[in-house]
Amino acid sequence: MSSSSGSSVSDSEENGNWDDWTEDPSAAQQAQSLFDDDKLFPSALQALEYDKKTHNVDLMLLASTLDFFERIRLINWIRATKPNPASLARLDRNAAWLQDDQYLKPVIEDDLLLQLDFDSLPLSSPSPLPSTSTSSAPAPSTTLTPNQDDLVMALKAQLADSNQALNELKKLFRDRVGLPDEVDVDEKEVREEVKGEKKRDDDTHYFDSYSYNEIHEVMLKDKVRTDSYRAFLQSNPSIFKDAVVLDVGCGTGILSMFAAQAGAKKVYAVDASAVAFKAERNIRVNGFSEVITVVKGKVEDIELPEKVDVIVSEWMGYFLLYECMLDSVLVARERFLKPTGLMVPSQCSILLSLFDGDYLIKERVQFWDNVYGFDMKCMKEEIGDEAVIDVVRKEDVVGEPVSLIDIPTQTVTIPELSFSTPFVLTSTRSTTLHAFLGHFDTFFTHDGRVVPGLEGEKGINLDGKKGEVFFSTGADVTPTHWKQTVFLLKDPIAVQDGTTLKGTFKCSKNPENSRELVVEIVWTVSHPGAKEGEGEVKAQVWKVR
């Protein structure tokens, strides 16, 4: 209101009053402890430090693994329910309250803890609590005093994320302006490229793809996969108690933490992608830092201070061998596994079936015949050149599968992962075949013995009482993120009950990209009553990528 509105206070008096005004200290906003309602502090950071020292609850560490809304729920849930602080030593990411929106409503009005920007804070300790002394010493700083290990780890993760984002931007720019990928390499690399000596890089994109959350979320939510590993690791105390374990391709660190829970005295968690930094934080916040050491790098390049009793790895890709991660696991076996050590899983087997799949042809091939009234048939010309990864209907499998190869991880060598093997498949009904269908089975045995693949399909020769585990990715069981691999036929095959397809299956690395596969199938069809060798020889090649 201006002075012309009738106020009897002069400007000088008004200014004097403002100069003399002071804020009531008791009205200043204070931060309340999560557990002790009577403990108030000048800043949120000092409240967190109190809870850490008094109740051994490090909220900044817990919050480092949560998103924005989960952090809000965590704070409000603690204030509302007052849980035993000891129960928060390891945060249960499956807890119902982490998804319960009732905990988005503040328990305390203008809660300073809810106003903290946790993303801008290193995993470190706030300054010491203010002294209760009445001396005139300056008040302690309310800024963080970083713990060096936590700060270095957080900075490494930020740097890795920044470098990865920069590389993505560079690639996008090159693609948009039509520049080759080598446009910014150094002079030595340019000379090597001109001479044809530059080594092809099949790894960078592969490792970069595992730096993002989505792929790890898909794998962790695959309960067949994750529960199988957990069941074996936690059902075999005689193997894992006081063992030294190497986790190759640790990802988020889940298998390393299972091993630590199972009693391992030391776990080395190795990953070459930037997810290693997040694994380290996951391991720290769950209380396993004393047992698990994260090593960022390729297992071919790293060094470990000791040999290990067990190597555990989830290395399987589409059609088992896609991505060729098993090569690295076998290198780790030769470098680090004790002669008496165990590989987990102990074996995988690849199986092949006949497949009707008429519906898949309609969805994937005939779709292009009429797309919103437009003829796009040219789009399906090369569909038969690449395998299709999909979850298929079990009723479209025609006959029993055959085992193409058993891969015992205890003894198999890298050259043996490229293989050629004969097969005979028999149709059990009259239909039209549109594809061969591939899947794989996985075995966890306590002694590493070989289990013939078809025995696994029939559920025999495994000792569940000794904690042995088996899972399949076939069409007749619970789907996994690996799905099934469909090798679509360019020329469908009419079969009868009793028709046999006899041939050779060949699998090798793609010479254009060693992470991909090339599959070649040669076969002849023999109908019931036909003479041996009367069928026409057919062949087709697919890439798995």
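Quick notes on the rules
- Along each chain, residue indices are assigned from 1 in the same order as the chain's sequence is written.
- In view of the model being predicted, local features appear only for residues whose pLDDT reaches at least 70, and side-chain atom pairs are presented and counted only at 80 or more, with totals across whole chains, interfaces and linings using the full set of residues.
- With hydrogens and water set aside, each side-chain value is computed from the structure's full complement of heavy atoms.
- Only strands that DSSP links by at least two bridges are regarded as paired with each other.
- Secondary structure elements are defined from DSSP: runs of H or I of at least 4 residues count as helices, runs of E of at least 2 residues count as strands, and each element is numbered from the N terminus.
- Put simply, a salt bridge is a Lys or Arg side-chain nitrogen that is within 4 Å of an Asp or Glu carboxyl oxygen.
- Exposure categories follow from relative accessible area, calculated using a 1.4 Å probe and restricted to protein chains: below 20% of the type maximum is buried, above 50% is exposed, and the middle band is partly exposed.
- Where helices are involved, their axes are fitted lines through C-alpha atoms of the stretch in contact, as for all axes, and angles between N-to-C directions lie from 0 to 180°.
- We call two residues contacting when some pair of their heavy atoms lies within 4.5 Å.
- Multiplying one less than the number of residues by 1.5 Å gives the expected span of a helix.
- The patches described consist of residues with a relative accessible area above 30% and no salt bridge, like charges being joined within 9 Å and nonpolar side chains (Val, Leu, Ile, Met, Phe, Trp, Tyr) within 5 Å.
- The accessible surface values rely on the Shrake-Rupley method and a 1.4 Å probe; as for residues, cover is taken only from the protein chains in view.
- Centre distance within 6.5 Å is the pairing criterion for rings of Phe, Tyr and Trp, where only the six-membered ring of Trp is used; planes under 30 degrees apart are then read as stacked, over 60 as edge-to-face, and the remainder as tilted.
- Two conditions define a charge located above a ring, namely a distance within 6 Å from the ring centre to NZ of Lys or CZ of Arg, and an angle within 35 degrees of the ring normal.
- Consider the strands pointing away from the viewer: the crossover is right-handed when the path from the first strand over the helix to the second runs clockwise.

Undergrad: Help me understand the pairing of strand β16 (residues 513-526), please; the structure alone is not making it clear to me.
TA: Within a regular strand, the side chains alternate between the two sheet faces. Bridge analysis of strand β15 (residues 500-510) against β16 gives eleven bridges, and the strand direction is antiparallel. If you follow F505 over to β16, its bridge partner there is I521. Hairpin remark: β15 followed by β16, antiparallel, with two residues in the connecting loop. Pairing geometry for β16 and strand β17 (residues 537-544), over eight bridges, is antiparallel.

Undergrad: For this particular structure, what's the right way to read the pattern of salt bridges?
TA: Once the charged atoms of two side chains with opposite charge are near each other, the side chains can pair. Within the structure shown, the criterion is met by 26 salt bridges. Salt-bridge contacts for D375 lead to K377; the nearest nitrogen and oxygen are separated by 3.1 Å. Overall, D375 belongs to the exposed group, its relative accessible area being 54%. For K377, a relative accessible area of 40% corresponds to the partly exposed category. A salt bridge links E512 to K543; its shortest N-O distance comes to 3.2 Å. Of this pair, E512 sits in the loop between β15 and β16 while K543 sits in strand β17, and the two are 31 residues apart along the sequence. Overall, E512 belongs to the exposed group, its relative accessible area being 55%. Judged by relative accessible area, which is 22%, K543 ranks as partly exposed. Taken together, the shared-partner salt bridges connect K223, D227 and R230 into one network.

Undergrad: I would appreciate a short explanation of the sheet that holds strand β7 (residues 337-344) in the present structure.
TA: By way of backbone hydrogen bonds, the strands of a sheet pair with one another, either parallel or antiparallel. In spatial order, the strands read β5-β4-β3-β6-β7; together these five strands make up an open sheet with parallel pairing. Both edges of this open sheet fall to β5 (292-296) and β7, since each of them pairs with a single strand only. Each neighbouring strand pair of the sheet contributes to a mean axis angle of 20 degrees, computed without reference to strand direction. Alignment of strand β6 (residues 308-312) against β7, held across four bridges, turns out to be parallel. Residue V310 lies in a different strand from β7, and its bridge partner there is L342. Across the sheet, helix α12 (residues 275-285) lies against β4 (266-271) and β5, angled at about 170 degrees from β5, the strand it touches most.

Undergrad: Could you clarify how one ought to interpret helix α2 (residues 44-55) in this entry?
TA: Note: α-helices contain 3.6 residues per turn, so residues at a spacing of three or four share the same orientation. Taking 1.5 Å of rise per residue, twelve residues should cover 16 Å, and α2 covers 16 Å from first to last C-alpha, within 8% of that figure. Most of α2 sits inside the fold, with nine of its twelve residues counted as buried. The set of residues buried in α2 consists of A44, L45, Q46, A47, L48, E49, Y50, D51 and H55. Structurally, α2 contributes buried residues whose contacts are with β1 (31-32), β2 (40-41) and α3 (59-63). Once α2 ends, the next one or two residues include N56, with phi positive near 60 degrees.

Undergrad: Can you walk me through a nonpolar patch on the surface in this structure?
TA: Taken together, the side chains of F68, F69 and L104 present a nonpolar region at the surface, about 300 Å² in accessible area. Here F68 lies in helix α4 (residues 68-81).

Undergrad: I'm lost on the environment of T478 in this one. Help?
TA: Its place among the elements puts T478 in the loop between β13 (469-472) and β14 (484-495). On the basis of relative accessibility, which here comes to 51%, the residue T478 falls in the exposed class.

Undergrad: I'm lost on the packing of aromatic side chains in this one. Help?
TA: Note on aromatic pairs: each is described by the distance of the centres and the angle between the planes. Taken as a whole, this structure holds 19 aromatic pairs when the rule is applied. Plain terms: the ring middles of Y318 and Y322 are 5.8 Å apart, the flat faces sit at 20 degrees to each other, and that makes the pair stacked. Assessed through its relative accessible area of 17%, Y322 is described here as buried. Ring geometry for F440 versus W482: centroids 5.3 Å apart, planes at 75 degrees, classification edge-to-face. Taken as a pair, F440 in strand β12 (residues 431-444) and W482 in the loop between β13 and β14 lie far apart in primary sequence, 42 residues in all. For F440, a relative accessible area of 1% corresponds to the buried category. Judged by its relative accessible area of 2%, W482 falls in the buried class. Each residue in the set Y229, F232, F240, F440, F444, F471 and W482 is aromatic and connected to the rest through ring pairs, giving one cluster. Over the face of the ring belonging to Y359 we find R393, whose NZ or CZ atom lies 4.0 Å from the ring centre.

Undergrad: Help me understand the pairing of β6 in this model?
TA: For β6, the tally of buried residues reaches four of five residues, placing the bulk of the element in the interior. Bridge count between strand β3 (residues 244-248) and β6: three bridges; the pairing is parallel. Looking at β6, one finds that L246 is bridged to I311. What joins β6 to β7 is helix α13 (residues 326-336), and the crossover it makes is right-handed.

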